[in-house]
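# Examining the three-dimensional arrangement
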Amino acid sequence: MKFGPVAVADAEGAILAHATVAGDRRLRKAHRLTGDDIEALRAAGIGEVVAVVLAPDDVDENAAATRIAEALRFRGIEARPAATGRVNLHALVSGIFTVDKTLIDRMNLVDPRITIATMPAFAPMLEGQMVATIKIIPFAVPEAVLKEILALAAGHEVFGMHAYRPMRVGVVQTTLPTVKASVLDKTLRVTEERLGRTGSIVSKEIRTSHATPEVAEAIENLSAANDMVLVFGASAMSDPEEDVIPAAIRASGGTVFRSGMPVDPGNLFVLGERDGKPVLGAPGCARSPKLNGFDWVLDRIASGIGITSEDIAGMGVGGLLMEIPTRPQPRETSPRESAPGKIVPKVHAVLLAAGRSSRMCGPNKLLARFDGEALVRRTAERVMASRAAATVVVTGHQTAEIEAALAGLDLRVVHNPDYAEGLSSSLKAGVAALSADAAGALIVLGDMPGIAARDLDRLIDAFVRADGKAVVRATHAGKRGNPVLLPRALFPAVATLEGDTGARHLVEAGGLDVIDVEIGAAASVDVDTREALASAGGVLQD
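Summary of the structure given here. (Residues numbered from 1 in each chain as written. Predicted model: local features only at pLDDT ≥ 70, side-chain atom pairs only at ≥ 80, totals over all residues. Heavy atoms only, no water.)

### Observations concerning the sheet that holds strand S18 (residues 228-232)
How we decide: Following DSSP output, two strands are said to pair if at least two bridges run between them. Helix and strand labels come from DSSP, where a helix needs a run of H or I of at least four residues and a strand needs a run of E of at least two; each type is numbered from the N terminus. Geometry is summarised by axes, namely lines fitted to C-alpha atoms with helices restricted to the contacting stretch, and by angles between N-to-C directions that run from 0 to 180 degrees. Contacts between residues were defined by any pair of non-hydrogen atoms, one from each residue, lying within 4.5 Å.
With mixed pairing, the six strands of this open sheet are ordered in space as S17-S16-S18-S21-S20-S19. Strands at the two margins of the open sheet, each flanked by one partner only, are strand S17 (201-209) and strand S19 (255-259). Each strand axis lies, on average, 20° off the axis of its neighbour in the sheet, ignoring direction. Bridge count between S18 and strand S21 (residues 277-282): four bridges; the pairing is parallel. Each residue of the ladder has a partner; that of valine 231, found in S21, is glycine 281. Along the sheet, helix H5 (residues 181-196) contacts strand S16 (168-175), S17 and S18; its crossing angle with S17, the most-contacted strand, is approximately 155°.

Right, here's the structure in full:
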């Protein structure tokens, strides 16, 4: 591969290294120059371009990435079509991601021009989330280098998704005079929500005194009719051998494999088994929905991977979870109570209403009537009814009509004269118009009639719980959708967007934590076509 200046006369078939404008023709980076392109460059007075000329043994970036993806063995995962030298791989099921780190490391050592990046081993993933990416950094790589990668990949499963298996779970809670019934009730509710993420259910709860014989009897009773038993002690474990929970597991005829784990929060965990079924002593932190070591164990069991004492011993590196943000699909949905003096991140909304509705072949879908009200006004009212501190609406196509539909609403309208260039221009205009105190931008599309204020509040709540430092996305059945909430740290990157692209690749490449919040079908229902709009209950104004 030869990289550098190339005379236009010799450039047919070369690959552009930089975007170039030739008259009214815009040639994108990585575009392979044709004869017509050469004529346009000459007509524009351009005599030289920076380009790549491939050698006979070079493999194009997309072809190389595709061949690597085809050579790798994986399960529960799909490889998307290659683009710009990248193949992204996404989970086909919700569950736990596993990866052969040794094999990935060996492949990444072959040549820095070929990279494979993945999610961490045992990460909980939702259906549709990206779990790995293959990226060819230059425009092509030599066949010999590619073959070395392919040889390593052959015959080995490099990563996989282990789908959650719904389980019936029995719960034991011990009591002491100092433990309020409301605490036990909350613990059961949190446990049901924690298990619900994997499709599992609490089939029965037994409350006993905090004494070994009673707890042992409850374990024996529940293990017969359930796939797993969880035991919550009214008092924290003090002795890993003789305390109530490990002693009760043994007294029930079970086995204790480990008491204690090198994960914080989650230290006071007990791993046991009775009749081949897990019996777990829950740490006190498991009464809270926040991430703790108990989640890691439940995830592995529910996905069929299982857990051993050795597995737990290996969790120490990365086991300090105190600073880890909320898990995907947060279980807490109520607003976080702020400590005295704590500054709550302020969220401003950006409502995008500049599009041309080209697929409607004439009418503007944002002016379609839903229950007698223009869609754009209906959406704006729901945004304003949320906890967003302020709302900016970006207009472009039919600005006067859109502004008339919004008349009387307490919001700011910003006109985007470059709306025809695509979504990115409106996104940039909206974010640029936000005030300096905006810690996050809630990006709302104007053509999503199912979005309600409560959906937006759930996104804002998750953002606040993450201290304004994470991206928050709405999902439907585990698949990403809209709206999306961007932290201020991404605002400079938004300003660099071009064309008809939104913030998706910024989210994937930004290096920030991403929180997915399941809001149901509202996240994926838009009205791009006449059929979709009619199905959603809208009436076009022809």
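### Some words on the sheet that holds strand S8 (residues 77-79)
Read across the sheet, four strands follow the order S8-S9-S13-S11 without closing on themselves; strand pairing throughout is antiparallel. Each edge of the open sheet is held by one strand with a lone partner, namely S8 and strand S11 (114-118). Across the sheet, the axes of successive neighbouring strands diverge by a mean angle of 15°, strand direction being ignored. Inspection of the sheet shows S11 paired to strand S13 (residues 130-136) by five bridges, in the antiparallel sense. Looking at the pairing, isoleucine 116 lines up with isoleucine 134 of S13. With respect to the sheet, helix H2 (residues 61-71) is in contact with S8, strand S9 (86-91), S11 and S13, its orientation differing from that of S13 by roughly 135°.

### A word on helix H4 (residues 143-153)
Inclusion rule: Here the term buried applies to any residue with accessible area under 20% of the maximum for its type, exposed to any over 50%, and partly exposed to those in between, with areas from a 1.4 Å probe on protein chains only. Here, the arc refers to the directions that run from the helix axis to the C-beta atoms.
Of the residues making up H4, those classed as buried are Val145, Leu146, Ile149, Leu150, Leu152 and Ala153. In a view along the axis of H4, the buried residues occupy a sector of 160°, so they form one face of it. For H4, the exposed residues lying more than 90 degrees away from the buried face are Ala144 and Ala151. In this fold, the buried residues of H4 make contact with strand S6 (58-60), H2, helix H3 (101-110), S11 and strand S14 (140-142). Just downstream of H4 lies glycine 155, where phi reads positive at about 80°.

### Quick look at the side chain of threonine 187
Relative to the assigned elements, threonine 187 resides in helix H5. For threonine 187, a relative accessible area of 1% corresponds to the buried category. If we ignore the near neighbours within four places in the chain, the residues touching threonine 187 are Gln173, Phe232 and Arg287.

### Structural notes on the pairing of strand S5 (residues 48-53)
Sheet analysis places strand S1 (residues 2-7) next to S5, joined by six bridges and oriented antiparallel. When the sheet's bridge partners are listed, phenylalanine 3 is paired in S5 with valine 52. Of the strand pairs in this sheet, strand S2 (residues 15-16) and S5 are connected by two bridges, and their pairing is antiparallel. Counterpart to isoleucine 15 in the pairing with S5 is valine 52.

### Overview of the pairing of S9
Counting buried positions along S9 yields five of six residues, so the element is predominantly enclosed. Where S8 meets S9, three bridges bridge the pair, whose relative direction is antiparallel. By the bridge assignment for S9, alanine 79 is matched with leucine 89. Between S8 and S9, which follow one another and run antiparallel, lie six residues, and threonine 84 among them has a positive phi close to 50°.

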